[in-house]
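An overview of the molecular structure
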Amino acid sequence: IMEEEGSIEQIDAAKIIDDLRNFLFGGENYERYFPKELKDKYELNFKLFDRDNDGAISLSETFELLRSININLSEDIIEMMFQELDKNGEQKIMFDDFLIIVFKKMKDEDKETELIEAFRVIDKEDTGRLNSENIRELLMNRGLRFSEEQADDLLKCVDPKLSLIHI
């Protein structure tokens, strides 16, 4: 969800937040991603960082809390999401808002896992490496159907010296 304007990338924070909120709180996804035990754990941690006991945490408390539970997102992403979630301008977010930030990290990890699994399907010898010839063939015969030249150019960008790609 990035647009280029000149050479500067812009992120539509409102769209990202709305998409995450709709996915997480619409339907059965909430229980899938946050079963009671996990939700209770996050809620307990949230309350520990809610030092003034008002049911909300500040940006600095959000950074501290995320680090304490090993949620590693860039500070820019956290700050962008925080500002969008802070609808009333009090520089604080509520627990459900915090879960949206955690959920973003979960979705990012899901995408990474899917990508690794896709590469494992191609790695028929289970070596943890992909033969560039197999990838070239895949690029030319499936999906977007690259030309031979396009496939070769892409593989040169990925690994110009080796014939294997590590996964």
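Please refer to the structure placed before this passage.
Presented here is an overview of the structure given in this document. It should be emphasised that the depicted structure is a prediction, and the values quoted were computed from it without experimental measurement. (Residues numbered from 1 in each chain as written. Predicted model: local features only at pLDDT ≥ 70, side-chain atom pairs only at ≥ 80, totals over all residues. Heavy atoms only, no water.)

**A word on the overall build of the protein chain**
Tallying secondary structure elements over the protein chain gives eight helices and six strands in all. Going from the N terminus to the C terminus, the protein chain shows its helices and strands as β-β-α-α-α-β-α-α-β-α-β-α-α-β. Taken across its 167 residues, the protein chain has 34% of its residues classed as buried. By element, 49% of the accessible surface of the protein chain is carried by carbon and sulfur atoms, the whole surface being about 11,300 Å². (Helix = DSSP H or I, 4+ residues; strand = E, 2+ residues; numbered from the N terminus. Buried < 20%, exposed > 50% of the residue type's maximum accessible area, 1.4 Å probe, protein only. Areas by Shrake-Rupley, 256 points an atom, 1.4 Å probe, with all protein chains shown as cover.)

**Side note on the pattern of salt bridges**
Any two side chains of opposite charge can pair, given that their charged atoms come close. All told, the structure shown has nine salt bridges when counted by the stated rule. We note a salt bridge from R51 to E61, for which the minimum N-O separation is 3.6 Å. On the criterion of sequence distance, the pair formed by R51 in the loop between α3 (36-49) and β3 (56-58) and E61 in helix α4 (residues 59-68) is long-range, its members being 10 residues apart. Since its relative accessible area comes to 9%, E61 is described here as buried. Note that R51 and E64 form a salt bridge whose closest N and O atoms lie 2.9 Å from each other. Placement of the pair is R51 in the loop between α3 and β3 and E64 in helix α4, with a sequence separation of 13 residues. (Salt bridge = Lys/Arg side-chain N within 4 Å of Asp/Glu carboxyl O.)

**Comments concerning unusual backbone geometry**
Positive phi values are uncommon outside glycine, yet N53 reaches one of about 50°. Along the chain, N53 turns up in the loop between α3 and β3. In this structure, Q91 takes a positive phi of about 60° despite not being glycine. Structurally, the position occupied by Q91 is in the loop between α5 (75-85) and β4 (92-94).

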